[in-house]
Each structure stands twice: as structure tokens, then as C-alpha cells.
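Coordinates in review
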Amino acid sequence: MDRLAVAVVPDGPGRFVVTLAGELDLAASEGFWSELEPLLEPAGLVVLDGSELDFLDSSGLRILILASRRAEELGGRLRLVAPHRAVQRTLELTGAKTILETRQTLDEALGD
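Treat the numbers as computed from the prediction; the structure is a model and nothing was measured.

What follows covers the packing of helix α1 (residues 26–36) against helix α2 (residues 58–73). Where α1 meets α2, the closest approach of the two axes is 8 Å, and the angle between their N-to-C directions is 20 degrees. The orientation of α1 relative to α2 falls into the category roughly parallel. The chirality of how α1 crosses α2 is right-handed. Across the interface between the two elements, Leu26, Ser29, Glu30, Phe32, Trp33 and Leu36 from α1 touch Ser59, Gly60, Arg62, Ile63, Leu64, Leu66, Ala67 and Arg70 from α2. Here the residues of the contact of α1 with α2 are counted per class, giving eight nonpolar, three polar and three charged.

Written out as C-alpha cells, the structure reads:
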């Protein structure tokens, strides 16, 4: 049974909203990367809705940072929305909050 559910919804050319629910851990990280990587486009925007993501380990964090850096290399952006309190704590403790672009709401993340 998968502990991570991923739903991808296009939001215009080169723009995607990716909803994550469950756990982004070692078991799910590589599969998630294979779904996420093709969405990263030059001048594109990928918004990860983490409001239902309740667990993030170091392997999942590595994928988020890798995706953020890849998006930046391509001239695009990756944003994380409203991560669960436990995920926010992981981002704060690891210092990843300074690397990953986060927003409180989906509307904020899709703006500018």
C-alpha cells in the first residue's frame, strides 16, 4: 500500500499544482521524483500542496531540495504550500526552510 498519494493538475502552460497526501519518505521518494521531474520546465511553476503531507524524512527532503534547485537551474520555480506542522518542523530543524520557497495558501503560491 502506498503511503503517499500524488495528484497532478495543470494550471496553464508550464504550471502545475501537485497535491501530496501522506508520507514522503524513503519508500516514496524515488517514485515521487519520477513523477515530479518531468513537470519542471524552463520558466515553469510547480506548486506542491503539502497541506495533507503529514510526514517528511531526509530522503523526501532531498527530493524537495533537488526539485527546487532543478527548477531554479531551468529558470522556473517550485513552491511548497501550507505544509503540515510536522513537516514545517522538519524544514525548520534542517534549515531547509531557507532553501525552499513556501507559501501559506495555494492562491499565494500561484500568484506572481
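Next comes the rest of the write-up.
This next bit is on unusual backbone geometry. Phi at alanine 43 is positive, roughly 60 degrees, even though this residue is not glycine. Along the chain, alanine 43 falls in the loop between α1 and β3 (45–56). Alanine 43 gets classed as exposed once you look at its relative accessible area, which sits at 69%.

Because the α-helix completes a turn every 3.6 residues, residues three or four places apart line up on one side. Those residues of α1 lying buried are Ala28, Ser29, Phe32, Trp33 and Leu36. The buried residues of α1 occupy one face: seen down the axis, they fall within an arc of 140 degrees. Check the buried side of α1 and you find it contacts β1 (4–10), β2 (15–24), β3, α2 and β4 (77–81).

Criteria and thresholds
- Residues numbered from 1 in each chain as written.
- Predicted model: local features only at pLDDT ≥ 70, side-chain atom pairs only at ≥ 80, totals over all residues.
- Heavy atoms only, no water.
- Axes fitted to C-alpha atoms, helices over the stretch in contact; angles between N-to-C directions.
- Helix = DSSP H or I, 4+ residues; strand = E, 2+ residues; numbered from the N terminus.
- Parallel < 35°, antiparallel > 145°, perpendicular 65-115°, else oblique.
- Left-handed = near helix turned anticlockwise from the far one by under 90°.
- Contact = heavy atoms within 4.5 Å.
- Nonpolar A, V, L, I, M, F, W, Y, C, P; charged D, E, K, R; others polar.
- Buried < 20%, exposed > 50% of the residue type's maximum accessible area, 1.4 Å probe, protein only.
- Arc of directions from axis to C-beta.

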